[in-house]
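In case you want the letters, here they are:
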There are 2 protein chains.
Amino acid sequence: MSHSKGDRHAAVVEVNSSTTPSPITSAGAGTGDSLVPQVASSKKNVAWNNPTGLTPAGPQGSESLARERARATFDVKELTLLLHGEKALEDDRKVLEVLENNPAFSKADIYNQSRTERYMSAAARGKLMHDICKEKGWGDDMIWRFFVMMDEPGPYFLHYSMFKPTLIGQCDDQQKAKWLPLADNMNIIGCYSQTELGHGSNVQGLETTATYIPETQEFEIHSPSLTASKWWAGGLGRTSTHAIVVARLILAGKDIGTHTFIVQIRSLEDHKPLRGITIGDIGSKYGYQAIDNGFMLFDHVRIPRENMLMRYARVEADGSYVRPPSSKLSYGTMVYVRASIVSNAAKNLARAATIATRYSAVRRQFTNAEASKDDTIFNSFEPSSPSARGPETAVIDYPMQQARLLTRISQAYALSFTGQAMMTAYENLQVDLAAGNISALPEVHATSSGLKGLTTDMACAAMEDLRRSCGGHGYLNNSSFPAFIADYLPNVTYEGDNYLLTQQTTRFLIKAFGQLQKAAAANKLPAASKLTQSTRYLLEATKPGFFSERWGVTTQADLSVGTITKAFAHRAGSMVANLASDLARKTQTWTGAQLDIYAISKAHCQLVVLENFAIALVDLQKTASPALVAVMHRLFKLYALDQMQQDIGSFAPYVDVPTHLPLIRAAVREILAELRPDAVALVDAWNFSDYLLNSTLGRYDGKVYEALVESAGREPLNIGENFEVVSAYKPYFQPMLKAPLKSKL
Amino acid sequence: MSHSKGDRHAAVVEVNSSTTPSPITSAGAGTGDSLVPQVASSKKNVAWNNPTGLTPAGPQGSESLARERARATFDVKELTLLLHGEKALEDDRKVLEVLENNPAFSKADIYNQSRTERYMSAAARGKLMHDICKEKGWGDDMIWRFFVMMDEPGPYFLHYSMFKPTLIGQCDDQQKAKWLPLADNMNIIGCYSQTELGHGSNVQGLETTATYIPETQEFEIHSPSLTASKWWAGGLGRTSTHAIVVARLILAGKDIGTHTFIVQIRSLEDHKPLRGITIGDIGSKYGYQAIDNGFMLFDHVRIPRENMLMRYARVEADGSYVRPPSSKLSYGTMVYVRASIVSNAAKNLARAATIATRYSAVRRQFTNAEASKDDTIFNSFEPSSPSARGPETAVIDYPMQQARLLTRISQAYALSFTGQAMMTAYENLQVDLAAGNISALPEVHATSSGLKGLTTDMACAAMEDLRRSCGGHGYLNNSSFPAFIADYLPNVTYEGDNYLLTQQTTRFLIKAFGQLQKAAAANKLPAASKLTQSTRYLLEATKPGFFSERWGVTTQADLSVGTITKAFAHRAGSMVANLASDLARKTQTWTGAQLDIYAISKAHCQLVVLENFAIALVDLQKTASPALVAVMHRLFKLYALDQMQQDIGSFAPYVDVPTHLPLIRAAVREILAELRPDAVALVDAWNFSDYLLNSTLGRYDGKVYEALVESAGREPLNIGENFEVVSAYKPYFQPMLKAPLKSKL
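Residues numbered from 1 in each chain as written. Chains lettered and ligands numbered in written order. Predicted model: local features only at pLDDT ≥ 70, side-chain atom pairs only at ≥ 80, totals over all residues. Heavy atoms only, no water.

As for the overall build of chain A
Each helix and strand in chain A was counted, giving 23 helices and 13 strands. Relative to the globule expectation of 27 Å for 745 residues, the C-alpha radius of gyration of chain A, 29 Å, shows essentially globular dimensions. With the C-alpha coordinates aligned to their principal axes, the bounding extent of chain A is approximately 85 × 75 × 65 Å. Restricting the contact set of chain A to residue pairs at least 6 apart, pairs at least 24 apart contribute 75%. Distance between charge centres in chain A, computed from 75 positive and 74 negative side chains, equals 4 Å. (Helix = DSSP H or I, 4+ residues; strand = E, 2+ residues; numbered from the N terminus. Rg over C-alpha atoms; globule rule 2.2 N^0.38 Å. Contact = heavy atoms within 4.5 Å. Lys, Arg positive; Asp, Glu negative; His and termini not counted. Charge placed at Lys NZ, Arg CZ, Asp CG, Glu CD.)

Description of the UniProt feature "domain: Acyl-CoA oxidase C-terminal" (unreviewed entry) in chain A
UniProt's feature table lists "domain: Acyl-CoA oxidase C-terminal" (unreviewed entry) at residues 563-738 of chain A, given in the numbering used throughout. Structurally, residues 563-738 of chain A is divided into 68% helix and 0% strand, and its ends, taken at the C-alpha atoms, are 75 Å apart. (UniProt positions renumbered as here; feature names shortened; annotations may be inferred.)

Some points on the pairing of strand β10 (residues 294-298) of chain A
Residues and elements named next belong to chain A. With five of five residues buried, β10 is to be regarded as a mostly interior element. Across the two faces of β10 the burial is the same, with Gly294, Met296 and Phe298 and Phe295 and Leu297 all buried. Here three bridges tie strand β6 (residues 230-233) to β10, and the two strands are oriented antiparallel to one another. Each residue of the ladder has a partner; that of Ala233, found in β10, is Gly294. Pairing of strand β9 (residues 277-281) with β10, which is carried by five bridges, proceeds in the antiparallel orientation. Among the inter-strand pairings, Ile277 is bridged to a residue of β10, identified as Phe298. (Buried < 20%, exposed > 50% of the residue type's maximum accessible area, 1.4 Å probe, protein only. Pairing = 2+ DSSP bridges.)

Some words on the sheet that holds strand β9 (residues 277-281) of chain B
Pairing between the strands of a sheet comes from backbone hydrogen bonds, and it takes one of two forms, parallel or antiparallel. Residues and elements named next belong to chain B. Overall, antiparallel pairing links the three strands, which are arranged β6-β10-β9 in an open sheet. Whereas interior strands pair on both sides, the edge strands pair on one side only; in this sheet they are β6 (230-233) and β9. Taking the axes of each pair of neighbouring strands and ignoring which way they run, one obtains an average angle of 20 degrees across the sheet. (Axes fitted to C-alpha atoms, helices over the stretch in contact; angles between N-to-C directions.)

Side note on the interface of chain B and chain A
Taken together, the contact pairs 168 residues of chain B with 169 residues of chain A. Taken together, the two surfaces of chain B and chain A that pack against each other cover about 14,200 Å², and 60% of this comes from carbon and sulfur. For the chain B face of the interface with chain A, the top three residues by lost area are Tyr286, Tyr475 and Met736 of chain B, together amounting to 6%. Between the two partners, chain B and chain A, sit 12 salt bridges. Taking the shortest distance from any N to any O, the salt bridge between Lys738 of chain A and Glu269 of chain B comes out at 3.5 Å. Our count for the chain B to chain A interface comes out at 80 residue pairs in polar contact (both at pLDDT 80 or more). Residues that form the side of chain B that touches chain A fall into these classes: 79 nonpolar, 51 polar and 38 charged. (Buried area = accessible area lost by both parts, 1.4 Å probe. Salt bridge = Lys/Arg side-chain N within 4 Å of Asp/Glu carboxyl O. Polar contact = N/O pair within 3.5 Å; in protein donor to acceptor, adjacent residues only side chain to side chain. Nonpolar A, V, L, I, M, F, W, Y, C, P; charged D, E, K, R; others polar.)

Here we look at the packing of aromatic side chains
On inspection of all chains with the given rule, the structure shows 45 aromatic pairs over all chains. Ring geometry for Trp686 of chain A versus Phe688 of chain A: centroids 6.4 Å apart, planes at 10 degrees, classification stacked. Of the two residues, Trp686 of chain A and Phe688 of chain A, neither departs from the other in class, the shared state being buried. Arranged with centres 5.3 Å apart and planes meeting at 70 degrees, the rings of Phe613 of chain B and Phe636 of chain B form a pair that is edge-to-face. Taken together, the positions of Phe613 of chain B in helix α17 (residues 594-623) and Phe636 of chain B in helix α18 (residues 626-646) put the pair 23 residues apart, joining distant regions of the chain. For Phe636 of chain B, a relative accessible area of 0% puts it in the buried group. (Phe/Tyr/Trp six-rings, centres within 6.5 Å; stacked < 30°, edge-to-face > 60°.)

Re the relation of the copies chain B and chain A
The operation linking the two copies of the chain is a rotation about an axis combined with a translation along the axis. Note on the identical chains: chain B maps onto chain A by a rotation of 180 degrees and an axial translation of 0.0 Å, with an RMSD of 0.0 Å. What the rotation and shift describe, once combined, is the action of a two-fold rotation axis. When the interface residues of chain B are mapped onto chain A, 100% of them are again interface residues, pointing to one common binding face. (Least-squares fit on C-alpha atoms with pLDDT ≥ 70 in both.)

Concerning the pattern of salt bridges
In total, this model carries 88 salt bridges over all chains according to the counting rule given. Residues Lys622 of chain B and Asp619 of chain B are paired through a salt bridge, measuring 3.9 Å at the closest nitrogen-oxygen approach. Linking Lys622 of chain B with Asp619 of chain B, this pair stays in helix α17, spanning three residues, or about one helical turn. Note on Lys622 of chain B: relative accessible area 65%, which makes it exposed. Overlapping salt bridges bring together Lys87, Asp91, Asp92, Lys94 and Arg145 of chain A as one network.

Focus on unusual backbone geometry
Residues and elements named next belong to chain A. At the junction of Ala652 and Pro653, the peptide bond is cis and its omega measures out at 0 degrees in the coordinates. Despite not being glycine, Lys586 shows a phi value in the positive range, around 60 degrees. By the element assignment, Lys586 lies in the loop between α16 (561-584) and α17 (594-623). Looking at Lys586, the relative accessible area reads 71%, which means it is exposed.

Points about the pairing of strand β11 (residues 301-304) of chain A
Residues and elements named next belong to chain A. Taking every second residue as pointing to the same face, the buried face of β11 carries Val301 and Ile303, while none of Arg302 and Pro304 on the other face is buried. Alignment of strand β5 (residues 218-222) against β11, held across four bridges, turns out to be antiparallel. Within β11, the position partnered with Glu220 by the bridge is Arg302.

If you want it as C-alpha cells, here you go:
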C-alpha cells in the first residue's frame, strides 16, 4: 500500500492502439497486471491504468472465495456433471476456447458502445461465428452454444431460432428442398413476422391480408391500416432478406384465418427493400441492443402461390383450400418452446445468483462478530498497518443476505428440475403425436403454459433482487446485471403474456375437475394411477371431507417432502374446486374471475414444480452421492417452505397460520444455516464462464475491485478526445466558470 | 384507409437538415402530420415518414380517452390543485413554456444518442438552463422545476442537490461568504464525494484520510489503498472543479472520525486535474446516462486548514479540535432528504400509472362483450369497411388489468399524502431543533428511515408491473419506462440501503416499547394523547388481553377506515411485542432477527401511511367537494385492503384468514368497480406534461400508434448512412448471401 508522490500521473500511459485487449478468462487472471487493458479496443489511443501498487484493503476477494469453496459439503464437479452432462460440458469448452482466444469476440467494450456500434459488432461476430462453424463442420447445436456464450441476440438470431425451425416444421417436402439449403448456407437471411402494431396476444385479430389471385396464381400481401404494420420481429428491421409472414388468407372474398407465407423482402442483389415494402427498425429498447426488431408495411406485394407454407394447410392452383388435418399439430412446437423457456429461467436465475453470491463473499461491510463467528479470515485477520482498520464482516454472513441468496439458489435448482421434466414430457408428446395420439396434449399444453408464466415471473423478481443485493455496484453496467436483466424481461411478455397464459392452464383444470366430478357422481372415478401426474391431486378434491382436512404437521420434524407437497396439493385442489363451484352456481363469470384464474394457475404450477423436484430427489437417491442428495433435499425444503411463507394466507385453512407459520419460519432458518457452507459451491456448480458472465462482480477469482477500476479505464468519457479534459469543457463549462461574478447576460 | 400503389416509396422523403424537429406539446399535436419529424435532429439528412394516409384501425385512441374522461365522477382540476397548489402549477407552466419552445431542449432523440452524446447534450442544456434562469432572475426553486421536467440528471445536478446545500448547512459564516457566491454563479462546479469503492453503508469504515499538518496549517488528503478510491459521486468524473470530500480527520496521529472538506480537484484555468489527483468516470450504468459519476484517488493532496467545513466541528490553527455541539444536528437534513424521497416515490409511481392507464384505455385486444358492457364506443362501433374487423375490448376493461392499474393509483395517492405529512414533520422538527429541542428527533428519524424503504420498494415494484401491463410496446425506450425506471432504481440503494434502514426503525420501536412496558409495570403509563402519533399503537400492546383481541369485522360493511387501520395497528404492535419478548428472553439475537426486524419496519410504516391517509381524509372532508372526498375514501380502502390481501398471513390471528380474506377480496372487487370510471381522471390529475413524460404510450391525446411510427422514423439504424441499406450489408451480409451454395471456406 505504499506509494510515492506523483506516481498517479505517471501511471497514465499512452499506448499503441494496435495492442489487443486481454480477455478475461475463467481460469482467473492471476496478478492485477493482467487486468490492465492494453488499449480500449477502438481507435482511442490513451488509456488509464490502475495507479501503481494500490491494492484493495482488507481481506482479498480471492482469499474469501477460496475459503468459501473449502467449506463445501459436496463435490462441485459431481453436481456440474448432473446439471449439464459430459457432452454439453465438452462442447461448451470447445466453443469457449474459440471465443476466449479470438479478440473479435472480446466483450471488453460492449457497455461502451452505442446501439449502432453494438448492431454492427454483432453482425460482424455473427458472420464470423457462421464462418468458423462452417470451417469446423459444426452444426446448429454448436451455433446455439456460441449464441448462449456470446449472450448477445444479434441480427441473425431469429434466422436460427425461428426462421429455420418454422421452415422445417411447416414447409412441405418440396418447399423444404428449396428453402432449407439456402437458409443453412446463409444465402438468405430470414425472420418470423407475426405480431403487428395493433395485435400481439390476439393472433386472430391480425390485419395483414394474403389474398389469392387465381389468374396469376399469386398471393397479394397487404397492410390495410397503420396498425396492420408488422412490428417487433427480430432481424426484420435492417437485416433479413426473407420473412415468414403470418397473414389472413383470403380466398374468393372469404377470410379463412391466419396462415404463414414466406416473403422475400429485400433484393438479393443489393439488399434494398423490394417494391411495395416499407421497412425499418422500430427503435431502441430496454435490452436487445444488438438486434434490429423491425416494422414492415406491405403495399399490394405479390408472392407465388408456392410461397404459402403448405405442410398442413394447402391452397391449390384453382384456389381451393385444403384444411390441415388437425389444428393442434403445431402445439408440439409451442410446448418445446415453453420447456426451453423454463430451463432458461433456471439458468438466468442461476446466473444472477452466481454473481451475487460470489460478490457477497468478497464484499465486507460493518463489523459484526456474531455474524462472522464462522469466518476464519475475519477471526484471524491482522491489519497490515496500524492505521489500517480491522476486518469487516462479509456481507454473505448476514442472515438477511443469506435468505436472499439461498432462497434464490433453491429456486434455480427447483426450476432446472422442472425444465428437464418438461423436456421429457415434450419428447414423450412428440412420440405420441407421431402415432396420431393427442390425448396427452391438453394437459401438457396447459401445464407448460402456466409454468412458462410462473417460472419467468420468478426469475425476473429474483434477478432484480439479486442485483440489489449487490448494493451500489450492482447498478454499474459492468456488473452485467442491467444488460442481462433487461434482455431477460421480454420473457414475461412474449411467447404468451404471463397473465393471459393462466387462463389456458385454469381452463384445463376446471374442465378436468368437472369430468372427475361427473365420474364421482356416477361412481366411476378412475384409479389415481390412471390419471396423469398433474391431475391426480384433483381426484382428492372430489371426495367428501376434502375441505375439512387439515395439515397433519405439529412439529418441525413433520415437515417432509410428502407433507409439504400435500399442502400445495390441497391448496391447488381447493382453489380449483371453489372456482368450479362458483362458475357452476354462476356467482362468478369466467371474465370476472380473472384474479382467481391467475391464482389457480400459479398454485397448480407451484405444485408441479414441487412434484418434479420430488421425483428428481428419488432419482438422485439412486445415482448421486449421499452428500449431494442431502444438499438437494435441503434445497427442496427451502424452496417449498419459502414459497409457503411468502403466500401463507392462500394455504389456509388447511394450514393454520398462527400455528404453522412459526414452524415454517423456524425450519427455514435452520435450513439456511445448514446450507450456508455450500452457498458458493452451489453457484460454482452451474459452471458459468467468466466470459459469459462478463461481470466485474461475479468473476471466479473474486478480484472485484481491480476489475471495477480496470473497467472504468475503458469508459469513452475518460479517454481519447476526453482524456484529461472532457470535451464539454470548452463550449459549456468554461464560459460559466470564467464568467465575472454577479455578471448579467 | 385507401391508398395507392407506390405511395409507400414516394413517402420516403429527403429533407433539409436545417428544419427543426416539431416538439411534442401537451396540448395535443392535432393531426397526424405534425407528428412527422422534419428531420432527425442531427447531421443526417434523410428521414422516414409515415406512409401517406394510413391510420390506425378500430376506435381511435383519442376517442377512447375522451370517452374515459367524460366518465369521471369528480373534477380533475380540483384534484390537481390539491396535489400541487396554485403557485407550483403556475411556476411549472412558466418553465414548460421555455422547454417546449426552445429546440435545444427537445427530447426527440434522447433514446437515439450514445452515452457520450447524452452527457454532452446534458452539459449544454444545463448551461442553457443556468443562463436562462440568470437572465430571468429565476432562483434555485425554478431551477429544480427545470431539472424535474428535463428529467435528465446531468453533470451539474449534484452541484445544486448536494454541493450547495452542504455549503449552506456545514460552512461557517466566513466560509459561506467565500464559497456560496462562486457556487451560485457557477464560477466553481461542485459535487459531494463520500462513498468509496470499498465502503458505502458503513460510513465509519471510509479509508480516505485528512491529516492535519500544523507546520503549514494544511490538511493532507490521501487514499491509502485501492478500495479507498472515492467512487460514485455524480458530477465528479469529468465535470466538477471542486468536491466536498468526506475523510477521516487525523490530528496528531489520532483518528477523530469522518469530517467534510472542500477540495479543489481541477484547475480553474484549463480544467486539468490538479497534481496528485487521479480522476475519471466510473463507467456506464443501468440509468443516469447523462451524468458522470466519478472515481477519485488522492496522492498526498494538500488543502488549507480553512477548507474543512467548520460550522460544527472545528480544527484550530494549532491543531486542537473543537467538538460539534451535537452529533444529531445533521439529522435534520437526512429527514428532509427522506421526505423528498417519499414524495418522489409517489410522483414516479403516478407517472408510471399515467402512462399505463392511458395506454390501457387506448389499447384494444380480443373481444369480450361482458368486459366491454359499459364501453359505449365498443357497443356502437361500426367497422369502416366490410373487411375491417369488429371492435375489440379496451384492455382497461379487463378485471385483472383494472386491479393492476387501480391498486397502483391508490398507492400513488397514499404515498403522496405521507410525503406531505413527512414534510410537515420535517418543518416542525426544524423549529424544535432551532430551539434546542431534540425530543422529536428519534421518532421522526426512525419513521422517515423506514418510510424511505417502504415507499421506494413499493414504487419500484409498481413501476415495473405497470410497464409490463403495457405489453410488448412497454419494452420500447420510447415508451419512456426503461429510462425512468432505470433512473429510479438507485432509490432503493442510496440514502440508506432499504434493508439496512429497517434496523434503525425497529431499533427505535423496540426501545419505545421497552419504555412503555417499564411504565406499565410501574403503573405510570402516559395517556395516549401524550404519545406521538406513531407510537400510540404500542401502548395497546402493553395491555393484558392484547394478544387475545380479534378483528371486529363480520361483514363487508364493517370495513371502515377505523377498523382497517386497527388491523394494521394490531399487527405492528404484535410484531414489536413479540420481538421485544424474544430479545429479552434471548431466544433471538439482534443479528439473528434481521428478517423480523425487516418485517416490523414494514408493518410500522404501512400503519403510518394509513394514518396519514386517514388524517388527510378528515382534512379533505372540510375543504374538498363531496365527490372528491368519496373518491379519496375509495382509494384509501383499496390501498389498505390490497396491502392486507397481499400479506394476509401476517395479520393472523387477529384477522381470521378463512373468514376475513373472502370479505376483503369481495370488498376490493367492489371498490375496483366503483373506481373504474375515474381511472383516467385520477392520473390526469397529476398533470404530467407530455414533455416530461416523453412517452409514445402515455400521450395526453392517445395517438399512440402514430407516435410509435414517428419515433421509429428517427432511429439511427434507419437513416443517414443506414438509409435504405444498412451499412452492415457490404462487409457482413453480402459475403454470406453471395457465397456459393455448399462452399467451403
